[in-house]
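What follows is the residue order along each chain.
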Amino acid sequence: MNETIRQQIVISGVGGQGVLFVTRLLAEAAIEAGLPVFTSETHGMAQRGGTVVSHLKVGPFASPLIRPGQADGLICLKAENIAAHGPFLHPGGWTVVNSQADGPGHVDADRIACGLDDARAVNLLVLGFALAAADEAGKPLLFCSPADVQRVLQRRLAQRESALKRSLAALAAGASAAKVAI
Amino acid sequence: MTRKLMMGNEAMALGLVENGVSLATGYPGTPASEILASVAKSRRLRTDPIHVQWAVNEKVAFEIAYAGSQAGLRTAVSMKQVGLNVASDPLMSAAYMGTAGGFVVISADDPGPHSSQTEQDSRLMAVMAKIPVLDPDSPAAARRMTAMAYQLSEAFRIPVMLRPTTRVCHSRQDVAVDAEVLPGREADFKRDPLRWAATPKFRLKLHGELEEKLARIAAWPETAPVRHNPAAGGRRALVASGVAAAHAREALASLGLEEELPFYQVLQPFPLHTDFIDHLIADYDEILVLEETVGVIEMQIADRHRTRGKWTGAVPRVGELLPEAVFARIAAFAGRDVDVPQLPAVPGRRPTLCPGCPHRASFFAIRKAAPKGIYTSDIGCYTLGMNLGAVDTVLCMGAAISQAAGFYQAYRHAAKPPPVIATIGDSTFFHAGVPALIDAVVQQVRFVLVILDNRTTAMTGNQPTPASGVGACGEPLNAVAIEPLVKGCGVGFCRTADPYDVKNLIKLVKEALAYARQTGPAVVIARHPCVLEEARRTGRPPGPPPVVTDACDGCGFCVERFECPALVMNAEKTRVDIDPILCVGCNVCIQVCPKGAIEEAKDR
Ligand code: SF4
Ligand code: SF4
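Because the structure is predicted, anything quoted here is derived from the model rather than measured.

**Student:** Honestly, the site of ligand 2 in this entry has me stumped. Any pointers?
**Tutor:** Taken together, 13 residues form the shell around ligand 2, and within it B:Cys564, B:Cys583, B:Cys586, B:Asn587 and B:Cys589 come nearest. Looking at the shell around ligand 2 residue by residue, the classes come out as 10 nonpolar, 3 polar and no charged.

Right, here's the structure in full:
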């Protein structure tokens, strides 16, 4: 059904922000859609507040890493990482970034998180934004929809009601920020 | 068919469980840590019991698993590459004696290195031990190779190494999960002292047997190299193994060389199949070899004038072989002129201890108590004490103590010997610190050892330590307490304190220094649980952040000397603010600020 889908996405942030969690949610959404998926993660020392980056490849790939100049999109939880990880994008690739500045694909997730009184929600806010965002032609940026990721969250957090509620709220807040931006 | 997202480490664990492992051991170390925990999780797929345990170090882990194999069971031991150094003694000997049940040694390498002291190649250890090694390119392959490893091990009665790299261990892939599950066997040790307790004379015979085994393994069809494109022709060939082979597959596709450049993937880098070597030399003029991190395959292709690889300098010898490097090497080899974008060298954020980490308080106190000291340290989160200027050396597991002894001896006859303070984590102390401490007691080494006891193995994901009293499956076990162990080593000064009370810890370290100057080793146990582990365990939300008052004049002392990530200097450098997202309310900074400008939060 979806054999033609191929998407390479870089997810970047600093240790403790939940880069791994975002990567996993997207990867599981891919599996639910019957798509082959590959991810690569940062573990160990760098997880203590250092720069962290995940690679997500949806479609028929063999290698877990994305070559610079090949990524379709960059989801960036820390604006300062753009200099390091922007060059993963191919010309015309999109960026969604947590930033106080204005610009296409920019969302001030730190501020919205404070508003939600949930400091740790930044990762899901940015993810919600990316899921709801579309390119100039109105085509969604990502291979899956907010509803797909909601389903993954519902399954993963089935046992933990309050965490699920908080996560869904963050995802929704990010998504509505994207609608306003468009 | 159900497909599940699986980390390479989980996939290997699943492979072990599906293939009848009965005894699995290990010592945590990035990137291998999740293997054993995942065996513990997936052991429920079996109806018969599996013994899963963390051992005190890799040597002990290896020996336990090896004995299980001698008793006829399928067993496995997992560790990171530098852990294999610790287990190399039994490894070399086990290769001679051979096995009864299948025995798999998983040694995870870390080209980069991302989280290790060295980029060493475990496959060279396999060469030295003379055992076969398998090199997976993905989580799915790593799982298949566990089955292959057990067959190989039992067909030739030899330990088999499975060597994943970080990009196999820590990548995730969709993996089909409903395979057949083999039950384990009953233990059945067959006495054979000539083999299992061989004297040097018989070792010679065993060595001869080992060589014969290797020759036959180099002809074993099951692990022979795979030719991906039989139709491709020409006098040039590409040979790759591990993750480099995965990168190569994609590079060939994007260069349109899939059906042009003959491409072989090596599954068993040592011993390289003899026929394969002959074929390469007979049929090709130039052979590009891509592998991590040393040219182990390349070394075995006898004609050096035809190979292009690590030894010839065609492929970089240092660092991870990233897909862009693989792409560029293949393009150049095939005579294609292409532009290969690279990442700019941007210095990322340096890692730091977590906000509220008890180690930060300990290092601060140590520097206060002995500002001119030599600080030897060890492997763990606390290596990051470097940021606080309280770590001068880090060598390998347990070396903090022996190096402290070395520095003491080096300065012994100096006019004013500097104080020497060693720091070591609880898990590392058990792992390799105890013998060094015994030695220091015997030699009356005048130094202070601060054991940073955070009740866990934090760096690798909070595995239990021998003091925890719980096992790899969460089962209750005996606990070994640190204080009696230290005293049992013969240390006369052993006191415990909570580092969150910084003043008290400074006082105690000073007392320890005074004792050490007069007498010999003094030990201070700085005990406070890891904040990450504590938050996970209790689910308790963090306390409220303290408040910075107008007394703060932006002197920067707390930012530079205490470097809690939650303390942020404002842009004008006139005052420090506390980031409420990062702060966990440990209140230690209150004791650090020389102006008294940080105060406890009033009740919210
Ligand atoms: S994980 Fe625990 S021990 Fe490691 S830096 Fe964080 S708080 Fe400290
Ligand atoms: S209370 Fe102070 S030292 Fe503790 S986490 Fe907050 S800012 Fe850091």
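**Student:** How should I be thinking about the pattern of salt bridges in this particular structure?
**Tutor:** Side-chain pairing between opposite charges can occur once the charged atoms of the two side chains come close. As enumerated under the stated definition, the model contains 45 salt bridges over all chains in all. Residues B:Glu250 and A:Lys57 are paired through a salt bridge, measuring 2.9 Å at the closest nitrogen-oxygen approach. Placement of the pair is B:Glu250 in helix H11 (residues 242-254) and A:Lys57 in strand S3 (residues 51-58), with the two residues belonging to separate chains. Under the relative-accessibility criterion, B:Glu250 is labelled partly exposed at 21%. Counted as one network, the salt bridges with shared partners bring together A:Arg24, A:Glu28, A:Glu32, A:Asp148, A:Arg151, A:Arg155 and A:Arg156.

**Student:** I'm lost on helix H1 (residues 8-18) of chain B in this one. Help?
**Tutor:** Since the α-helix advances by 3.6 residues per turn, residues separated by three or four positions end up pointing in the same direction. All names here are of chain B. With 10 of 11 residues buried, H1 lies mostly within the body of the structure. Within H1, the full set of buried residues consists of Gly8, Asn9, Ala11, Met12, Ala13, Leu14, Gly15, Leu16, Val17 and Glu18. Just past H1, the residue Gly20 takes up positive phi, approximately 80°.

**Student:** I would appreciate a short explanation of the environment of B:Pro355 in the present structure.
**Tutor:** All names here are of chain B. Looking at where Pro355 falls in the secondary structure, it is placed in the loop between helix H14 (323-333) and helix H15 (358-369). Take Pro355: its relative accessible area is 15%, and that puts it in the buried class. Pro355 sits 66 residues away from Ile421 along the chain, and the two C-alpha atoms are 24 Å apart. Not counting residues within four places of it along the chain, the set of residues in contact with Pro355 comprises Arg360, Val531, Cys564, Pro565, Leu582 and Val584.

**Student:** What is the right way to read the packing of helix H1 (residues 19-32) of chain A against helix H5 (residues 146-156) of chain A from this model?
**Tutor:** Two quantities define a packed helix pair, namely the angle between the axes and the distance from one axis to the other. All names here are of chain A. Direction vectors running N to C along H1 and H5 enclose 105°, while the axes themselves pass 9 Å from each other. Of the possible angle classes, the one that applies to H1 and H5 is roughly perpendicular. The residues of H5 that touch H1, namely those facing Phe21, Arg24, Leu25, Leu26, Glu28, Ala29 and Glu32, are Asp148, Val149, Arg151, Val152, Leu153, Arg155 and Arg156.

**Student:** What should I look at first to understand the packing of H1(B) against helix H2 (residues 34-42) of chain B in this one?
**Tutor:** Residues and elements named next belong to chain B. The geometry of H1 relative to H2 is characterised by a closest axis approach of 8 Å and an angle of 50° between their N-to-C directions. With respect to H2, the axis of H1 lies oblique. The handedness of the crossing between H1 and H2 is right-handed. Between H1 and H2, the residues in contact are Asn9, Glu10, Met12, Ala13, Leu14, Leu16 and Val17 and Glu34, Ile35, Ser38, Val39 and Ser42, respectively. Its residues assigned to classes, the contact of H1 with H2 shows 7 nonpolar, 3 polar and 2 charged.

**Student:** What is the right way to read unusual backbone geometry from this model?
**Tutor:** Excluding glycine, residues mostly carry a negative phi; peptide bonds, for their part, are mostly trans. Residue and element names in this part refer to chain B. The omega torsion across Thr30 and Pro31 is 10°, close enough to zero to call that bond cis. Mapped onto the elements, Pro31 comes out in the loop between strand S2 (21-26) and H2. With a phi close to 65°, Asn462 is a non-glycine residue in the positive phi region.

**Student:** Teacher, can you tell me more about a nonpolar patch on the surface here?
**Tutor:** Residue and element names in this part refer to chain B. A surface patch of nonpolar side chains, about 270 Å² in accessible area, is lined by Leu124, Met299 and Trp311. Turning to its location among the elements, Met299 is positioned in helix H13 (residues 296-300). With a relative accessible area of 39%, Met299 lands in the partly exposed category.

**Student:** Whenever I open this one, the packing of aromatic side chains confuses me. Can you help?
**Tutor:** What characterises a pair of aromatic rings is the spacing of the ring centres plus the angle enclosed by the ring planes. In the structure shown here, the tally under the stated rule is 10 aromatic pairs over all chains. An angle of 90° between the planes, with centres 5.7 Å apart, marks the rings of B:Phe364 and B:Phe562 as edge-to-face. One end of the pair, B:Phe364, is in helix H15; the other, B:Phe562, is in helix H21 (residues 557-562), and 198 residues separate them in sequence. The two residues B:Phe364 and B:Phe562 agree in class, both being buried. Note on B:Phe493 and B:Tyr515: the rings are 5.3 Å apart at their centroids and 45° apart in plane angle, and the pair reads as tilted. Here B:Phe493 is found in strand S18 (residues 493-497), whereas its partner B:Tyr515 is found in helix H19 (residues 502-518), with 22 residues between them in sequence. Of the residues examined, B:Phe493 reaches a relative accessible area of 9% and is grouped as buried. Counting every residue linked through ring pairs, the aromatic cluster contains B:Phe62, B:Tyr66 and B:Phe103. Between A:Arg67 and the ring centre of B:Phe327, over which it is positioned, the NZ or CZ distance is 3.6 Å. The ring of B:Phe562 has B:Arg360 sitting right over it, with the charged end atom 5.8 Å from the ring centre.

Parameters and conventions
- Residues numbered from 1 in each chain as written.
- Chains lettered and ligands numbered in written order.
- Predicted model: local features only at pLDDT ≥ 70, side-chain atom pairs only at ≥ 80, totals over all residues.
- Heavy atoms only, no water.
- Near = heavy atom within 4 Å.
- Nonpolar A, V, L, I, M, F, W, Y, C, P; charged D, E, K, R; others polar.
- Salt bridge = Lys/Arg side-chain N within 4 Å of Asp/Glu carboxyl O.
- Helix = DSSP H or I, 4+ residues; strand = E, 2+ residues; numbered from the N terminus.
- Buried < 20%, exposed > 50% of the residue type's maximum accessible area, 1.4 Å probe, protein only.
- Contact = heavy atoms within 4.5 Å.
- Axes fitted to C-alpha atoms, helices over the stretch in contact; angles between N-to-C directions.
- Parallel < 35°, antiparallel > 145°, perpendicular 65-115°, else oblique.
- Left-handed = near helix turned anticlockwise from the far one by under 90°.
- Patch = residues over 30% accessible without salt bridge, like charges linked within 9 Å, V, L, I, M, F, W, Y side chains within 5 Å.
- Areas by Shrake-Rupley, 256 points an atom, 1.4 Å probe, with all protein chains shown as cover.
- Phe/Tyr/Trp six-rings, centres within 6.5 Å; stacked < 30°, edge-to-face > 60°.
- Lys NZ or Arg CZ within 6 Å of the ring centre and 35° of its normal.

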